[in-house]
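Chains, contacts and geometry: an overview
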Amino acid sequence: MSAIDFDKLRSRFHLPDGKVYLDGNSLGALPRHTETRLKEVISAEWADELVSGWNTKAWIDLPLSVGEQIAPIIGAASGTVVCCDSLSINLFKALTACLELNEGRSLITLEDGQFPTDSYIADGLSRLLGADRCRTQAVDIAALTPETLSESAVLLLSHVDYKSGALRDMGAITAMAQSAGCLVIWDLAHSAGAIDMDLEASQVDFAVGCTYKFLNGGPGAPGFLYVAERHQEVQNPLPGWMGHARLFDFEAKYEAAPGIKRFLTGTQSVLALSAVSASLSVFEGLAMHDVRARSLALTGHFIARWEQSSVLQSHAALGTPIDDAQRGSQVSLALESAFPVSQALIADGVIVDFREPNIVRFGFSPLYNTFSDADQAIASLEAVLTSERHRLPQFQIRSTVT
Ligand SMILES: *Cc1c(COP(=O)(O)O)cnc(C)c1O
């Protein structure tokens with residue numbers, strides 16, 4: 001029995017009437033409390049306090065205080081997480097730090113088919129530093145062995161693959177890479193807030209993540225960076241004044257703040273961080289293994305329905321591992337005409353997304369999705385495929401964001 005009352009939890013979110021929202025892995029839903037809190041920050045803090053709000057409302061501490069709220073959700077120790085910038089920027093900092101820590105090695109290993117920003121940032125760093133100080137190699141994750149990592153400074157992997165929804169064994173892979181003298185950065189974009197994990201027990205070196213997906217922080221909300229305490233002496237390659245030991249002394253020379261604070265760069269968005277903080281309060285008191293159990297029950301239910309449906313059996317292949325231990329919080333179905341099918345589902349009120357080349361993603365947010373959402377999505381998909389409604393011309397048009 002889970003200690004969580006999921007109906008009550010769902011009622012804490014604004015969810016549009018008549019729609020089934022299965023895209024919380026791309027943009028989490030709005031907690032009601034976040035709306036109230038943001039209005040209050042605007043009228044009672046920004047409007048009334050103006051510049052003194054940096055002190056009176058502790059705006060200056062937000063990257064660290066929000067980091068402290070994220071820490072228990074990802075099994076991180078106090079003082080190891082900051083919420084700032086974007087995942088992409090934080091990844092740049094983490095990769096650079098790993099090259100500095102693992103002096104003598106210059107290779108970044110990432111996986112084939114990694115989320116594009118991760119490989120763009122790694123390749124950009126290689127161009128910046130030059131090939132003798134930084135090179136990248138992409139490998140098939142199944143081929144990762146201590147031998148393939150024997151020259152790597154750092155291995156960068158997604159905890160949950162954004163396309164397939166496959167979950168990786170954080171503890172085993174981290175230990176294997178470290179046995180080859182390689183540091184590990186985990187990208188938690190698709191796991192933080194949905195999967196229970198313990199960065200400390202897994203001895204993870206660095207991690208980066210988003211707050212706008214399963215953490216419900218709002219569109220474009222800042223990312224986060226985890227740096228294991230043992231690595232916090234490393235330099236921030238973007239040493240801005242917010243990471244200075246005494247920022248308001250305005251010293252000519254940079255001196256890094258002790259601890260995780262040195263990974264800050266420029267001034268934070270107070271509105272954005274206030275929204276993240278309010279949304280994270282929904283997680284207070286929730287045991288992440290209960291959240292994870294709910295996630296598995298929801299995706300498991302959806303998969304069982306897919307198995308029982310003769311229409312879906314003939315049109316849609318399961319792209320997500322069926323084994324619980326290897327499944328994140330989404331189910332990916334591979335099908336012909338996946339893009340128009342996703343558009344027809346959205347027109348039907350089932351909000352999903354499409355990923356190249358032929359994937360429709362059904363993301364289950366354990367905090368607010370229900371078994372009935374899964375049933376409705378399956379029924380709607382069967383109806384679209386049977387009627388071939390997706391062939392209508394309006395479903396062929398692509399917007400900038402899919
Ligand atoms: C969503 C996502 C990102 C996004 O990075 P931003 O810097 O926030 O734009 C990065 N990596 C993965 C794996 C993602 O799923």
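Note that the structure is predicted; figures quoted are calculated from it, not measured.

**Some points on the packing of aromatic side chains**
According to the stated counting rule, one finds nine aromatic pairs in the structure shown. Seen in terms of ring centroids, Phe-248 and Phe-250 are 5.3 Å apart; in terms of plane orientation they differ by 90°. Their pairing is edge-to-face. Comparing Phe-248 with Phe-250, the two get one shared label, exposed. Among the aromatic residues, those joined into a ring-pair cluster are Trp-241, Phe-248 and Phe-250. Arg-398 extends its terminal NZ or CZ atom over the ring of Phe-339, reaching a point 4.5 Å from the ring centre.

**Points about helix 7 (residues 170–179)**
Taken as a whole, helix 7 has its buried residues at Met-170, Ile-173, Thr-174, Met-176 and Ala-177. Down the axis of helix 7, the buried set is contained in an arc of 165°. They therefore lie on one face. In this structure, the buried residues of helix 7 make contact with strand 7 (152–158) and strand 8 (183–187). You can read the cap of helix 7 off the contacts: a side-chain oxygen lies 3.3 Å from the backbone nitrogen of Gly-171, and it is on Asp-169. Following helix 7 by one or two positions, Gly-181 has its phi on the positive side, about 75°.

**Some points on helix 12 (residues 371–387)**
Here helix 12 contains 17 residues, and its C-alpha end-to-end distance of 24 Å stays within 8% of the 24 Å for a straight helix at 1.5 Å per residue. By the burial criterion, the buried members of helix 12 are Asp-373, Ala-374, Ala-377, Ile-378, Ser-380, Leu-381, Val-384 and Leu-385. When helix 12 is viewed along its axis, its buried side chains cluster within an angular range of 165° and face the same direction. Where helix 12 ends, the next residue or the one after it, Glu-388, has phi of about 60°, a positive value.

**Quick notes on the domain arrangement of the protein chain**
The domains assigned to the protein chain are domain 1 (6–30 + 287–396) and domain 2 (58–283). With 34 residues of domain 1 at the contact, the number on the domain 2 side is 23 residues. Here domain 1 meets domain 2 over a buried area of about 2,100 Å², counting both sides, of which 60% is carbon and sulfur. For the pair domain 1 and domain 2, the interface holds zero salt bridges. Taken together, the links from domain 1 to domain 2 amount to ten residue pairs in polar contact (both at pLDDT 80 or more). Counting only elements with at least two residues in the side of domain 1 that touches domain 2, the list comes to helix 9 (288–308), strand 12 (330–335) and strand 15 (359–363). Element by element, the count of residues in the side of domain 1 that touches domain 2 is highest for helix 9, at five residues. Considering only residue class, the side of domain 1 that touches domain 2 consists of 14 nonpolar, 14 polar and six charged.

The rules behind each value
Residues numbered from 1 in each chain as written. Predicted model: local features only at pLDDT ≥ 70, side-chain atom pairs only at ≥ 80, totals over all residues. Heavy atoms only, no water. Phe/Tyr/Trp six-rings, centres within 6.5 Å; stacked < 30°, edge-to-face > 60°. Buried < 20%, exposed > 50% of the residue type's maximum accessible area, 1.4 Å probe, protein only. Lys NZ or Arg CZ within 6 Å of the ring centre and 35° of its normal. Helix = DSSP H or I, 4+ residues; strand = E, 2+ residues; numbered from the N terminus. Arc of directions from axis to C-beta. Contact = heavy atoms within 4.5 Å. Polar contact = N/O pair within 3.5 Å; in protein donor to acceptor, adjacent residues only side chain to side chain. Expected span 1.5 Å × (residues − 1). Domains from an automatic or database assignment. Buried area = accessible area lost by both parts, 1.4 Å probe. Salt bridge = Lys/Arg side-chain N within 4 Å of Asp/Glu carboxyl O. Nonpolar A, V, L, I, M, F, W, Y, C, P; charged D, E, K, R; others polar.

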